[in-house]
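Chains, contacts and geometry: an overview
Below are the chains, spelled out letter by letter.
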Amino acid sequence: MEQWVENLFSEDVLKEAATRFGADASDAKKLGDFENYVFEVKREGKPYILRLTHSSHRSKKEVEGELKWINFLHGHDIHVSLVHKSQYKQLVEELAVGDSYFYVCLFDKAPGTPVKMNDPEFGPELFEKWGATTAKMHLVTEDYHESETQRQCWDEDDLIELEKYIDAVGDKVIIEGNRNLVSEIQQLPQTKETFGLIHSDIHPGNFFYHEGDIHVFDFDDAMFFYFVSDIAIPLYYTTWWKYREKTLETRSAFGAEVLTHFLRGYMNVRAIPLEWIERLPLFLKMRDYTLYGVFHKKVDLANNERENELVAGIRKRLIKDEPIVDLDYRAIWEQSLPSPLNK
């Protein structure tokens with residue numbers, strides 16, 4: 001969280017936020033503060049998730065749009081955390097602090113636990129379930145009325161203009177590469193089958209695994225973008241987190257395993273043409289650029305050695321124009337086709 005926003009936040013703000021939803025923050029457990037303040041609080045003895053979003057990060061309409069879509073997905077039997085109304089019958093409560101606001105909402109706490117890279121569950125069965133869950137979200141969203149949701153289109157995000165946050169001279173090659181990639185993606189066709197509202201960040205830190213099902217949360221990055229990006233993100237993060245310090249060959253071998261099983265689960269629910277799977281490298285590279293910008297925007301890299309090392313690795317790949325993985329996408333797509341089509 002930016003320091004000036006941190007200066008606005010207080011225990012009194014947290015207490016008032018919880019009170020608006022009839023919750024008790026006296027023993028609140030802080031779960032995150034990177035882009036939002038996230039706490040586990042209690043209401044009638046039951047745990048819930050309280051989130052406070054500063055107005056510099058999202059508008060009230062954007063937050064409302066996110067929450068309406070989440071409840072839409074929940075109503076279509078997708079495992080997401082239901083959003084509750086406040087004591088004043090609002091999905092979003094507005095707390096004025098100085099000349100700005102915190103937008104507050106309350107979610108069910110997702111059942112289950114996170115799955116770590118070295119857990120025995122982190123394997124083919126999870127990857128297929130992950131793909132199937134993502135496909136279900138895309139399938140029901142094809143018929144979601146966009147007018148009900150005010151969220152940014154992907155190329156309206158301020159991180160699209162990397163020069164706002166990185167060295168325009170030292171990173172000139174990266175800035176130009178990002179511009180060229182944005183332009184290329186902007187030329188792709190948009191239909192209701194290819195483009196719509198997506199989660200945009202379904203990595204292992206944003207879901208729990210419970211009794212064989214994936215429960216997705218943290219929709220803060222939800223935006224209008226190509227559905228295939230929600231396939232690129234799991235491939236990117238599983239490979240980056242597990243093998244970022246390894247060679248491209250090692251990363252690619254693992255990435256092929258992840259994508260094969262993920263697509264197998266996805267395409268058992270929703271078809272996706274080969275041409276879009278072959279476009280995955282564009283969206284993987286887009287995540288490299290986006291993450292590079294996020295670190296420069298949100299983190300004091302001069303005083304964070306670990307994050308500085310992560311950024312240096314991304315920068316090295318971008319300068320070399322080296323992908324996170326180099327895969328035979330046609331072969332993986334063919335291996336992942338539903339069995340009746342494979343015969």
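The model shown is predicted, which means the values in this text are computed figures rather than measured ones.

Looking now at unusual backbone geometry. Residue Lys89 is not a glycine yet carries a positive backbone phi of 65°. Tracing the sequence through the fold places Lys89 in the loop between β4 (83-84) and β5 (93-97). The phi angle at Ser200 is positive, at roughly 80°, despite the residue not being glycine. In this fold, Ser200 is placed in the loop between β7 (195-198) and β8 (207-210). Since its relative accessible area comes to 2%, Ser200 is described here as buried.

Glancing now at the layout of surface pockets. If you add up the space inside the second largest pocket, you get close to 280 Å³. Forming the boundary of the second largest pocket are 14 residues, of which Arg244, Glu245, Gly313, Ile314 and Arg317 lie nearest the centre. The element best represented in the lining of the second largest pocket is helix α10 (residues 305-320), accounting for eight residues. In terms of residue class, the lining of the second largest pocket is made up of three nonpolar, one polar and 10 charged.

Residue placement: Gly131 occurs in helix α4 (residues 124-141). When the C-alpha atoms of Gly131 and Arg270 are compared, they prove to be 9.7 Å apart, with 139 residues separating the residues in sequence. Beyond its immediate stretch of four places on either side in the chain, Gly131 contacts Phe262, Gly265 and Tyr266.

All right, on to the pairing of β5 then. Along β5, the buried face is formed by Glu93, Leu95 and Val97; none of Glu94 and Ala96, which line the opposite face, is buried. Two successive antiparallel strands, β5 and strand β6 (residues 100-108), enclose a turn made up of two residues, where Gly98 displays a positive phi of approximately 65°.

What counts, and where the lines are drawn
- Each chain carries its own residue numbering, running from 1 in the written order of its sequence.
- pLDDT decides what is reported in this predicted model: residues at 70 or higher carry local features, side-chain atom pairs at 80 or more are listed and counted, and totals for whole chains, interfaces and linings draw on all residues regardless.
- The side-chain quantities take in all heavy atoms of the structure and omit both hydrogens and water.
- Going along the chain from the N terminus, every DSSP run of H or I of four or more residues is numbered as a helix, and every run of E of two or more is numbered as a strand.
- For every residue, the accessible area obtained with a 1.4 Å probe (protein chains only) is divided by the maximum for its type, and the residue is called buried under 20%, exposed over 50%, and partly exposed between those limits.
- Any residue with an atom within 4 Å of a point lines the site, the site being either a cavity, points on a 1 Å grid over the protein atoms alone where a 1.4 Å probe fits but cannot get out, or a pocket, an open set with protein on both sides within 12 Å along at least 5 of 7 lines.
- Grid points are joined across faces, edges and corners, and a volume is the space filled by probe spheres set on the points.
- Each residue is assigned to one of three groups, with Ala, Val, Leu, Ile, Met, Phe, Trp, Tyr, Cys and Pro labelled nonpolar, Asp, Glu, Lys and Arg labelled charged, and all others, Gly among them, labelled polar.
- Whether two residues touch is decided by their heavy atoms; if any such pair falls within 4.5 Å, the residues are in contact.
- One requirement defines pairing of two strands: DSSP has to find at least two bridges between them.

What is shown is where atoms sit, not what they do.
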